[in-house]
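# Results of the structural survey
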Amino acid sequence: MDEIKKPIYVTQPDLPDLQEFIPYLEKIWKNKILTNNGPFHQQLEKEMAGFLDVPYISLFANGTLALVTALQVLGITGEVITTPYSFVATSHSLLWNNIKPVFVDIEPEFCNLDSKKIEAAITSKTTAILPVHVYGNPCKVEHINKIAKNYGLKVIYDAAHAFGVKYKGQSICKFGDLSVLSFHATKVFNTMEGGAVVCHDAATKKQIDYLKNFGFVGETKVVAPGINSKMNEMQAALGLLQLKKHNLNIEKRSTLAQTYRKELQKIKGISFLPEPYNTKSNFAYFPIFVDKNKFGMSRDELYEKLKQNGIYGRRYFYPLISELTNYKKLNSADPANLQVAKRVAEQVICLPIYPGLNKKEIKKIAGILNK
Ligand code: T4K
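So, how was this worked out
- Residues numbered from 1 in each chain as written.
- Predicted model: local features only at pLDDT ≥ 70, side-chain atom pairs only at ≥ 80, totals over all residues.
- Heavy atoms only, no water.
- Helix = DSSP H or I, 4+ residues; strand = E, 2+ residues; numbered from the N terminus.
- Buried < 20%, exposed > 50% of the residue type's maximum accessible area, 1.4 Å probe, protein only.
- Contact = heavy atoms within 4.5 Å.
- Areas by Shrake-Rupley, 256 points an atom, 1.4 Å probe, with all protein chains shown as cover.
- Axes fitted to C-alpha atoms, helices over the stretch in contact; angles between N-to-C directions.
- Parallel < 35°, antiparallel > 145°, perpendicular 65-115°, else oblique.
- Left-handed = near helix turned anticlockwise from the far one by under 90°.
- Nonpolar A, V, L, I, M, F, W, Y, C, P; charged D, E, K, R; others polar.
- Near = heavy atom within 4 Å.
- Polar contact = N/O pair within 3.5 Å; in protein donor to acceptor, adjacent residues only side chain to side chain.
- Domains from an automatic or database assignment.
- Salt bridge = Lys/Arg side-chain N within 4 Å of Asp/Glu carboxyl O.
- Core = buried A, V, L, I, M, F, W, Y, C linked by side-chain atoms within 4.5 Å.
- Pairing = 2+ DSSP bridges.
- Patch = residues over 30% accessible without salt bridge, like charges linked within 9 Å, V, L, I, M, F, W, Y side chains within 5 Å.

The number of helices and strands found in the protein chain is eleven helices and 17 strands. Based on the C-alpha atoms only, the size of the protein chain along its principal axes is roughly 65 × 55 × 40 Å. Looking at the protein chain residue by residue over its 371 residues, the buried ones come to 54%. Long-range pairs, those at least 24 residues apart, make up 70% of the contacts in the protein chain between residues at least 6 apart in sequence. Approximately 17100 Å² of the protein chain is accessible, and the part contributed by carbon and sulfur atoms is 52%.

Shown next as structure tokens:
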């Protein structure tokens, strides 16, 4: 088999042609508006809301600050039910707001928060649920909504992986009270760094926009101890160009995901997630799960072997957030409470997937797994 010379990383950001970006930069250089709700920022909020078919979007400097602000705008306090199987930013946003994360196990099918286990974790201090659409696959949104309604809880979806995903023909961001997106370099839609909060009414958008700009209302009035988390004009300009390419990029990702499915289906001890039901996917990640006994090699041995061959997958999400220093002392971090998440975190490797990858490279990766 051919050796792969050039390293292949879990992802590689897609960028527009540099020449296309220059006219946008020229406009910024000319009008000298670099940030603070400039013209590209306004245009991207409008175009993105149309593209995603959601009522209101507030752009942010990154997804983490968007999460922190989403919790603040809804006045979330006390305890919040969330998943240990995510990027650490999900739970960090709670700690930044002095909120206690309460971890609930995940379901094995799509690795999302197990909605059947949420009710048992609700206490008198619970004010919200913070689920994650892990790898862009929709959570059990109807069930979560029902529980939230019954107990008077807010729902904020961490939709960092779910840009452009549709569920039952609607944007996944239409579910819950708020959804938070990330446009980090490693995401399906990137503005280098960036993020957004999607909300359903103008009054909430107004409050979010105050909070991301120090709490300023006008020039002299400050209504809240807001932070500075505004997206700047370069990010917004890039976003406008990225929107134009997004559908094509998702088509490319879809072809690559199908190639993986075909190439890997017969490898004993390697499994992957099913295609989600009623969903238009964005193919953000391609996680595989290694069963050591059947595959004959542990996840970490395979991870190293791939690296030796120039394939830099990532163990998203290992270790679990509940195993990290700031979280493991929590009662809900007890591994006995999180058995599915623990097993999945020990088996997962996200294989490379991005629009610039080609089928031949995927076949090589599959070849390494097959050897
Ligand atoms: N919620 C969830 C569920 C999230 O997954 C994330 C972020 C957030 C919230 C927070 O959103 P942001 O505040 O980030 O907007 C990466 C990202 O830094 C992080 O954004 C992402 N999740 C997480 C899943 O992955 P790392 O530490 O794995 O990134 P890094 O730098 O090792 O990049 C992975 C590979 O991508 C590199 O090996 C090469 C390639 N790469 C990366 C960058 C940054 C490039 O080719 N170019 C680049 O510019 O965390």
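With that settled, consider the packing of helix H2 (residues 39-52) against helix H7 (residues 233-264). At their nearest, the axes of H2 and H7 sit 8 Å apart, and the two run at 30 degrees to each other. Our classification of the angle between H2 and H7 gives roughly parallel. When the axes of H2 and H7 are compared, the crossing they make is left-handed. Listed contacts from H7 to Pro-39, Phe-40, His-41, Gln-43, Leu-44, Glu-47, Met-48 and Phe-51 of H2 are Glu-233, Ala-236, Ala-237, Gly-239, Leu-240, Leu-243, His-246 and Asn-247. Partitioning the contact of H2 with H7 into residue classes produces nine nonpolar, five polar and two charged.

What follows concerns the site of the ligand. The ligand sits among 25 residues. The nearest are Thr-64, Asp-158, Lys-187, Arg-314 and Tyr-316. Here Gly-63 contributes a backbone N or O atom positioned 2.8 Å from an oxygen atom of the ligand. A distance of 2.8 Å separates an oxygen atom of the ligand from a polar atom in the side chain of Ser-182. When isolated, the ligand has an accessible area of 920 Å², and the protein chains bury 74% of it. Counting only elements with at least two residues in the shell around the ligand, the list comes to helix H3 (63-73) and helix H4 (89-95). Partitioning the shell around the ligand into residue classes produces ten nonpolar, twelve polar and three charged. Built from parts of two domains, the shell around the ligand gets at least three residues from each of domain 1 (18-105 + 112-241) and domain 2 (245-370).

Going through the model one piece at a time under the given rule, you end up with 19 salt bridges. Across the salt bridge formed by Lys-117 and Asp-105, the nearest N and O atoms sit 3.8 Å from each other. Within this pair, whereas Lys-117 is found in the loop between strand E4 (100-103) and strand E5 (126-130), its partner Asp-105 is found in the loop between E4 and E5, the two being separated by twelve residues in sequence. On the basis of relative accessibility, which here comes to 37%, the residue Lys-117 falls in the partly exposed class. Here Asp-105 falls in the buried class, since its relative accessible area comes to 3%. A salt bridge links Glu-323 to Lys-342; the shortest N-O distance between them is 3.1 Å.

It is worth spelling out the nonpolar core at this point. Met-48, Tyr-85 and Tyr-135 are the most contacted members of the largest nonpolar core, which has 76 residues in total. A domain split of this core shows at least three residues from each of domain 1 (18-105 + 112-241) and domain 2 (245-370). Leaving out residues up to four positions away in the same chain, Met-48 has contacts with Asp-53, Ile-57, Leu-59, Phe-163, Phe-183, Phe-189 and Leu-243. Ranked by size, the runner-up nonpolar core spans 25 residues in total, among them Tyr-260, Leu-302, Tyr-303 and Leu-351.

Attention now goes to the sheet that holds strand E9 (residues 178-182). Taken in spatial order, the seven strands of this open sheet run E2-E10-E9-E6-E5-E3-E4, and their pairing is mixed. Looking at which strands have only one partner, the edges of the open sheet turn out to be strand E2 (56-60) and E4. For this sheet, the mean angle separating the axes of adjacent strands, direction not counted, is 25 degrees. Pairing geometry for E5 and strand E6 (residues 154-158), over two bridges, is parallel. Each bridged residue has a counterpart across the sheet, and for Ala-128 the counterpart in E6 is Lys-154. Packing against the sheet, H3 makes contact with E2, E5, E6, E9 and strand E10 (195-199), and its axis sits at approximately 165 degrees to E9.

Moving on, we come to a nonpolar patch on the surface. Side chains of Phe-214, Phe-216 and Val-222 sit close together on the surface and give an oily, nonpolar patch of about 240 Å² of accessible area. Looking at the secondary structure, you find Phe-216 in strand E11 (residues 216-217).

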